[in-house]
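Commentary on secondary and tertiary structure
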There are 2 protein chains.
Amino acid sequence: MTADPRLAKLSLNQRTTQRWSVREAVDGCVRAGIPAIGLWREPVAEIGVPAAAKLVADAGLRVSSLCRGGFLTADGEHARLEALADNRRAIDEAAGLGTDCLVLVVGGLPPGSRDLPGARQRVADALAELAPYAGERGVRLALEPLHPMYCADRAVLSTLGQALDLAEAFPTEQVGVVVDTFHVWWDPDVWRQIARAGARIASFQVCDFLTPLPADVLLGRGMMGDGHIDFPPLRRAVEAAGYVGDTEVEIFNAEVWATDPDRVLATMAARYVELVLAD
Amino acid sequence: MTADPRLAKLSLNQRTTQRWSVREAVDGCVRAGIPAIGLWREPVAEIGVPAAAKLVADAGLRVSSLCRGGFLTADGEHARLEALADNRRAIDEAAGLGTDCLVLVVGGLPPGSRDLPGARQRVADALAELAPYAGERGVRLALEPLHPMYCADRAVLSTLGQALDLAEAFPTEQVGVVVDTFHVWWDPDVWRQIARAGARIASFQVCDFLTPLPADVLLGRGMMGDGHIDFPPLRRAVEAAGYVGDTEVEIFNAEVWATDPDRVLATMAARYVELVLAD
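Residues numbered from 1 in each chain as written. Chains lettered and ligands numbered in written order. Predicted model: local features only at pLDDT ≥ 70, side-chain atom pairs only at ≥ 80, totals over all residues. Heavy atoms only, no water.

Chain A is annotated in an unreviewed UniProt entry as Sugar phosphate isomerase/epimerase family protein of Micromonospora robiginosa.

A short note on the overall build of chain A
For chain A, the helix and strand inventory stands at 11 helices and 10 strands. Its C-alpha atoms give chain A a radius of gyration of 18 Å, within 12% of the compact-globule value 19 Å for 279 residues. Principal-axis analysis of the C-alpha atoms places the extent of chain A at approximately 50 × 40 × 35 Å. Among the 279 residues that make up chain A, the fraction classed as buried is 59%. (Helix = DSSP H or I, 4+ residues; strand = E, 2+ residues; numbered from the N terminus. Rg over C-alpha atoms; globule rule 2.2 N^0.38 Å. Buried < 20%, exposed > 50% of the residue type's maximum accessible area, 1.4 Å probe, protein only.)

Points about the interface of chain B and chain A
Of the residues lining the interface, 27 residues belong to chain B; the matching set on chain A comes to 27 residues. Its largest share of buried area at the contact with chain A, chain B owes to R114(B), W185(B) and W186(B), together 26% of the area lost on that side. Viewed at the interface, chain A and chain B are joined by zero salt bridges. The interface formed by chain B and chain A includes six residue pairs in polar contact (both at pLDDT 80 or more). (Contact = heavy atoms within 4.5 Å. Buried area = accessible area lost by both parts, 1.4 Å probe. Salt bridge = Lys/Arg side-chain N within 4 Å of Asp/Glu carboxyl O. Polar contact = N/O pair within 3.5 Å; in protein donor to acceptor, adjacent residues only side chain to side chain.)

Comments concerning empty space enclosed by the protein
Residue and element names in this part refer to chain A. For the coordinates displayed, the defined rule picks out three cavities of 30 Å³ or more. If you add up the space inside the largest cavity, you get close to 140 Å³. Lining the largest cavity are 14 residues; nearest its centre among them are R68, L146, H183, R221 and F252. Only strand 3 (62-70) and strand 4 (101-105) provide two or more residues apiece to the lining of the largest cavity. Computed from the structure, the second largest cavity encloses a volume of approximately 40 Å³. In this structure, the second largest cavity is lined by L72, A74, A79, R80, A83, L84 and A126. For the lining of the second largest cavity, the leading source of residues is helix 4 (residues 77-97), giving four residues. A per-class count over the lining of the second largest cavity returns six nonpolar, no polar and one charged. (1 Å grid on protein atoms, 1.4 Å probe; cavity = no way out; pocket = protein on both sides within 12 Å on 5 of 7 lines; lining within 4 Å. Points joined across faces, edges and corners; volume = space filled by probe spheres on them. Nonpolar A, V, L, I, M, F, W, Y, C, P; charged D, E, K, R; others polar.)

Some remarks on the sheet that holds strand 5 (residues 140-143) of chain B
Residues and elements named next belong to chain B. Within the closed barrel, the eight strands sit side by side as 1-2-3-4-5-6-7-10. Their pairing is parallel. Averaged over all pairs of adjacent strands, the angle between their axes in this sheet comes to 30°, without regard to strand direction. Relative to strand 6 (residues 175-180), helix 6 (residues 160-167) is tilted by about 170°, and along the sheet it contacts strand 5 and strand 6. (Pairing = 2+ DSSP bridges. Axes fitted to C-alpha atoms, helices over the stretch in contact; angles between N-to-C directions.)

Remarks on helix 6 of chain B
Side chains of residues three or four places apart in an α-helix project in the same direction, reflecting 3.6 residues per turn. Counting buried residues in helix 6 of chain B gives seven out of eight residues, a clear majority hidden from the surface. Buried residues along helix 6 of chain B sit against helix 5 (116-136), strand 5, strand 6 and helix 8 (190-197) of chain B.

Structural notes on the relation of the copies chain B and chain A
In the superposition of chain B on chain A (RMSD 0.0 Å, axial shift 0.0 Å), the rotation amounts to 180°. Classification of the inter-copy transformation places it as that of a two-fold axis. If distances are taken from each C-alpha of chain B to the rotation axis, the shortest is found for A215(B), at 2.1 Å. Comparing contact sets, 100% of the residues at the interface of chain B also lie at the interface in chain A, consistent with an isologous, same-surface contact. (Least-squares fit on C-alpha atoms with pLDDT ≥ 70 in both.)

A closer look at the state of the cysteines
All names here are of chain B. The tally for this structure, following the rule as stated, stands at zero disulfides over all chains. You can see C67 has no disulfide; the closest cysteine sulfur is in C101, sitting 7.5 Å from it. On the basis of relative accessibility, which here comes to 2%, the residue C67 falls in the buried class. (Disulfide = S-S within 2.5 Å.)

Points about the sheet that holds strand 1 (residues 10-13) of chain A
All names here are of chain A. What the eight strands build is a closed barrel, ordered 1-2-3-4-5-6-7-10; its pairing is parallel. Across the sheet, the mean angle from the axis of one strand to that of its neighbour is 30°, orientation sign disregarded. Inspection of the sheet shows strand 6 (residues 175-180) paired to strand 7 (residues 201-206) by four bridges, in the parallel sense. The partner of D180 across the bridge, within strand 7, is Q205. This element, helix 1 (residues 22-32), spans strand 1 and strand 2 (36-40) of the sheet and lies at about 165° to strand 2. Those strands touched by helix 9 (residues 231-240) are strand 6 and strand 7, and its axis lies near 165° from that of strand 7.

Side note on the pattern of salt bridges
Using the criterion set out here, one finds 42 salt bridges over all chains in the structure. Put simply, D4(A) and R6(A) hold a salt bridge, and the shortest N to O gap is 2.9 Å. A relative accessible area of 48% means that R6(A) is categorised as partly exposed. In this structure, R137(B) and E136(B) form a salt bridge, with 3.3 Å as the shortest nitrogen-oxygen distance. Among the charged side chains, a salt-bridge network with shared partners connects R41(A), D86(A), R89(A) and E93(A).

What to know about the layout of surface pockets
Of the voids in this model, the largest pocket is the one considered here, and its volume is about 680 Å³. D187(A), P188(A), D189(A), T159(B) and D189(B) are the residues nearest the centre of the largest pocket, which is lined by 31 residues in total. Of all the elements in the fold, those that place two or more residues in the lining of the largest pocket are helix 6 (160-167) and helix 8 (190-197) of chain A together with helix 5, helix 6 and helix 8 of chain B.

What about the pairing of strand 4 of chain A?
Residue and element names in this part refer to chain A. For strand 4, the tally of buried residues reaches five of five residues, placing the bulk of the element in the interior. Of the two faces of strand 4, both are covered, the one formed by C101, V103 and V105 as well as the one formed by L102 and L104. As judged from the four bridges shared by strand 3 and strand 4, these two strands associate in the parallel manner. Counterpart to L66 in the pairing with strand 4 is L102. You can see the chain leave strand 3, run along helix 4 and come back into strand 4, and the turn it takes is right-handed. Direction of pairing for strand 4 relative to strand 5 (residues 140-143): parallel, over a ladder of four bridges. (Right-handed = clockwise from strand over helix to strand, strands pointing away.)

Below is the structure:
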């Protein structure tokens, strides 16, 4: 493990190297000198929380976040109770992995529904049930506003301002927000909202916004430098708001996924230094 | 021409039937009992402004808008002057067609640029040059915020609030805004911004938001009822803000374009009554 001080706050979100198991991703981070990792529940489940936590700790890494809970918009009592139960499990897993940040993607409109205000209300209602449970376990629910193009099918939470309106109903240590460059870079109000967020910022994620968007728009997340985002102003704004945590690189991209993951980590570290840390 | 009073404020945006010439679109509107049309500059140019104006007038229709000016973000003096000249021509064409509404799509980031604030500033600067020219000719520049997924390559103007921030620097009769359901439906702040817009609303356009988005995301605009948007609350909000103009149906969609245009108009009129006018 190199000890390049410029990488001291860099984290690999596991989805960026999705073919790697937890063990492979941990080993890859060690080889690349990346000190933190954002884990996903599915690969963690393959080996169990205690084994994953031990792998990370033995390698001297830290867990910057767990992805993800959420999907709180389904209609009907059965679906509601099931979503709450699953989110409580996710909170327990985050606690077991030693991270205080559970990322929530809140969910889109239920199939056939056009009731956007109703879906948003169900998110608020579910948060009220989950936030104290999370707080008691030292975990913070990190509301991730997703790009508005995902409003119908993935997240009815579309802006940082909207996420803060929700979060501010709860103590700061229970509910925070994610600032993900891909999702917020276009927002003319983002500077004001990052400043407003302050200590609510639970995670800072970076990747670039590509055009043309690929056929599956979920995979439009690119390596920094391959798209349209100017990263340093966003990084500086998050720092100015008081955020001192890791910067996670989270890329969903078919080409990145087809590349040798060790090369992805090398590129990611170089681009991070060149394009995110740059003044 | 039927005289269904429910269609009294319905307008066909010409792009919805893009294979039709101006004459064909005018004739189609007459057959379908649609009293207004939103014209596009390219098909108008094929016959010239006076001939197009005469066709519309002779058919007893009105022109609800001209699409489109804008594309004001290019960098460099030559590109800037060319864009201003083209927009002055578009203003003259709108005046010649007897519409007071010229829709502006402001343009995206110049190729290779990541300077979003700079591009937005160039839009504001160009408006300052164009607004008085438009006002003198009885034409209003209608700023259209586009869905944030088009921020990089088509419009750095992404929300109604941002459009109003720009517009309010000018007299109401010189610069207004477009409310297009496809572009704004996801915005949690849209209700407040529509109320704020008031007399600035120069055009109300409807179409649905489809998922999955097609490979070319520009073509994700669907017939009302085929997607996720709940139209009546948006229509009522626009009416409550004082808008009394036409409702234009503007659909970019490969399947719609492949359909017999007369059938498209019949579907559009039926869906408008059922899904937009519904209480």
